[in-house]
Structures are given as C-alpha cells and as structure tokens.
Amino acid sequence: MDDRTSGAVHHVVVVALENVLALDIGIPMQVFGSWPGGPYSLTVCTERPGVLAMHGGPALSVTDGLDCLASADTVVVPGYLEPGAPSAAVTAALADASARGSRMVSICTGAFALAAAGLLDGRRATTHWRYAAALARQYPRVLVRPEELYIDEDRVLTSGGVLAGMDLCLHLIRRDHGARLANQRARLLVTAPHRTGGQAQFIDLPVLPAHSEGLAQLYDWALRNLHQPLTVDQMARQANLSRRTLIRRFHTDTGMPPMRWLLDARLALARELLETDDLTVEAVARRCGLGTPANFRTLFKAHVGVPPSVYRGTFASLSRDAGSDDV
C-alpha cells in the first residue's frame, strides 16, 4: 500500500469498541486526523452508532457504523477496558476488511479484537505487557511478544500500551510517505520521531500469575532460588509433576514455557537491583542467575532493549558515581 506514487488519500478507519480507552483512541485521531488536504482521511466508527462509553473520558458520540470499513485502507482498533472477544458482528467486519486488503492495526488491548477475528494466528504480535499472558492463553496460535513496543507483520501491525501506539502510527506514516513526513508529524505532536519496534517496553513483568494451576508454591520457591542454575526437570521434581505436565501447566498459567518465565523473573530482579542497589554488574548477574557479566549484559540488552548502564542511569533511585564503569 504505497500512496506516495498514487497521490490518493489514504482512508484510516478507527473502530471504537465499548469502553474504548480515551488516550488510545486519541492517538490515531491526532496522528491521522486534522490533516486538511493531507495524505490521510479519518473516520471513527462503532458497531452501534450513537453515544459510546469511553473509559478515562466523557462519552463519545459516533455517527458511523461498521459499514464504513468497506472503504478503509487502514483499520485501527484502539485498546478497550476488560479486553476479550468483541461481538460476532465486529469480528466478522474486521475479518472482512482484512480479506479485502485493508491494513489491520491494533493499539494496546485492541490486539484481542484482531486475535478474535483470526488475524493474528501464526503471527508475532504484542499488546500491553499487563495483558500479554492473557492474550497468549486465550489465543494460543498467536506468537505473543510482550517485550516489544510494536510489531510490523506487513499487513497486520500491533503495538504495546499507550504511547507505543503513537510510535506505531508514526511508523505507518514513515512506511507510507517516508521519514520526512513522519518527522514533521512527530514535531507537530511534540513526540520522538522514531522509536524502533524492537525496543523493549519498560515493563514491570507480572512474574506471579494471577491464576495458578496448583503451582503457587513452585513459583515462590523458584523466585527464592533464582541465583541457582534451575532446570525444567528440577522444577518438575520440586512440584512433584512430570516434565510434560509442568510445561503444560506453566503455559496455562503464564502463556510461556518454564525457562522463559524464569528468564523474565531473573530480568525483573535484575531491573529491581539496578534501580535500587549499588551492586556491581557481576554481583547483579550472580544474584539473578544470569551468568557472567558479559552474558548478563547481552541478555539484558536483548530483552530489555538497552544496556544495564542505560537502564540504571534512567531508573536508579539512589545517587551513584556518574563516572563508574561497573555497568
């Protein structure tokens, strides 16, 4: 979809679901709307036109229904409260729009609507980190990547929470019309012109699942022993389960395999130590079970998106020597 050569106005349709999040719907409206004579036109629609409940803001008056998706070049689904599958009419409309060739985009928990329409099956996708495990549980065919700001799968794009949606919308302008126009729009909105999708969300990982299939004691034990070289077999023995049963229950609870959960728990502890303690990198790596300082730096940057030194400088709550090269 390249409007640079055709000169056509690109129609962006925002699908507002019940209890749409005020900031989430405001992002595509600000980025693609209020652009007279520009490359984009914008329509907001909903399943039942009229007054729509909006979370975090006043009620929203929407005059257009789902039929306007027929002319959509890009469809954006902002996040909504209590994410889950929308109505059959909405999921069918989203699936039909995708089949007609519309580019499908979600912000935050809008990914649940795309997943319900089958548009994320077999694809990498992200959402707000708080809901990533739920997305993985409800839609096991989706390759959930909660650590990324946004993911571009060509015709289907998803973003994490709130301002990651801004990053994704600016990315779409960059894809459609190049960096110059995207940067102009970013300056108008007083935001950073470019954060890559691979940059990690700075997240407080929910290491302990909200629901547990009898593994609560195992989670507590593992978190107390992160400094040890834990294995799946060792955890299975601790829980008195077979390896296969343990893996199945972990996936039900967390949406991920045991070793990925352990890595997330170790990285969460590392972030806490970097924020609140003066420990050297070697000591942090040892207490988190992340190996040598070199291995720790590599893993931390790969999964958090920045080196430990940058993270500590950004989030540390204690005064530290700015000239230290410990990290």
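Residues numbered from 1 in each chain as written. Predicted model: local features only at pLDDT ≥ 70, side-chain atom pairs only at ≥ 80, totals over all residues. Heavy atoms only, no water.

Caption draft 1: View of the nonpolar core. Formed by 34 residues in total, the largest nonpolar core has its most connected members in Ile 25, Val 31, Phe 32 and Ile 173. Residue assignment for this core shows that the elements contributing at least two residues are strand 1 (10-15), strand 2 (20-21), helix 2 (22-32), strand 3 (40-45), strand 6 (60-62), helix 6 (163-177) and helix 7 (179-189). Among the elements that line this core, the one with the most residues is helix 6, at 7 residues. Counting 33 residues, the second largest nonpolar core, distinct from the first, contains Leu 17, Cys 45, Leu 119 and Ala 136. (Core = buried A, V, L, I, M, F, W, Y, C linked by side-chain atoms within 4.5 Å. Buried < 20%, exposed > 50% of the residue type's maximum accessible area, 1.4 Å probe, protein only. Helix = DSSP H or I, 4+ residues; strand = E, 2+ residues; numbered from the N terminus.)

Caption draft 2: Representation of the pattern of salt bridges within the structure. Scanning the model with the defined rule gives 9 salt bridges in all. Asp 176 is paired through a salt bridge with Arg 103; the nearest N and O atoms lie 2.8 Å apart. Of this pair, Asp 176 sits in helix 6 while Arg 103 sits in strand 8 (residues 103-106), placing them 73 residues apart in sequence. Residue Arg 175 pairs with Asp 152 through a salt bridge whose shortest N-O separation is 2.9 Å. In this pair, Arg 175 sits in helix 6 while Asp 152 sits in strand 11 (residues 150-152), placing the two residues 23 residues apart along the sequence. The class for Asp 152 is partly exposed, based on a relative accessible area of 26%. (Salt bridge = Lys/Arg side-chain N within 4 Å of Asp/Glu carboxyl O.)

Caption draft 3: The arrangement of the sheet that holds strand 11 in detail. Across the sheet, 6 strands lie side by side as 3-1-7-8-12-11; this open sheet has mixed pairing. Looking at the sheet topology across the chains shown, the edges are occupied by strand 3 and strand 11. Put simply, the sheet's adjacent strands are angled 15 degrees from each other on average, direction ignored. As paired strands, strand 1 and strand 7 (residues 74-77) are joined by 3 bridges and run parallel to one another. Its bridge partner being in strand 7, Val 13 is matched across the sheet by Val 75. The sheet contacts of helix 2 involve strand 1, strand 3 and strand 7, and relative to strand 3 the element is tilted by about 155 degrees. The strands touched by helix 6 are strand 1, strand 3, strand 8, strand 11 and strand 12 (156-159); relative to strand 12, the strand with the most contacts, the crossing angle is about 150 degrees. (Pairing = 2+ DSSP bridges. Axes fitted to C-alpha atoms, helices over the stretch in contact; angles between N-to-C directions. Contact = heavy atoms within 4.5 Å.)

Caption draft 4: Region of the structure containing unusual backbone geometry. Even without glycine at this site, Asn 19 takes up a positive phi of about 60 degrees. Positionally, Asn 19 belongs in the loop between strand 1 and strand 2. With a phi close to 60 degrees, Cys 108 is a non-glycine residue in the positive phi region. Residue position: Cys 108 is located in the loop between strand 8 and helix 4 (111-116).

Caption draft 5: Representation of the environment of Cys 108. Under the relative-accessibility criterion, Cys 108 is labelled buried at 4%. For the pair Cys 108 and Tyr 150, spaced 42 residues apart in the sequence, the C-alpha separation amounts to 9.5 Å. Excluding residues within four positions of it along the chain, Cys 108 makes contact with Leu 21, Asp 24, Gly 79, Thr 127, His 128, Ser 159, Gly 160, Gly 161 and Val 162.

Caption draft 6: Highlighting the packing of aromatic side chains. Throughout the structure, instances matching the rule amount to 5 aromatic pairs. Summarising the aromatic geometry, the rings of Phe 32 and Tyr 40 are spaced 5.0 Å apart at their centres and angled 65 degrees between planes, so their arrangement reads as edge-to-face. Aromatic pair Tyr 219 and Phe 250: ring centres 5.4 Å apart, planes at 85 degrees, arrangement edge-to-face. Of this pair, Tyr 219 sits in helix 8 (residues 216-224) while Phe 250 sits in helix 10 (residues 243-254), placing them 31 residues apart in sequence. (Phe/Tyr/Trp six-rings, centres within 6.5 Å; stacked < 30°, edge-to-face > 60°.)

Caption draft 7: Molecular detail of helix 8. The complete set of buried residues in helix 8 reads Leu 218, Tyr 219, Trp 221 and Ala 222. When helix 8 is viewed along its axis, its buried side chains cluster within an angular range of 165 degrees and face the same direction. For helix 8, the exposed residues set more than 90 degrees away from the buried face come down to Gln 217 and Arg 224. Buried-residue contacts for helix 8 involve helix 9 (232-239), helix 10 and helix 11 (258-276). (Arc of directions from axis to C-beta.)

These figures capture arrangement, not role.
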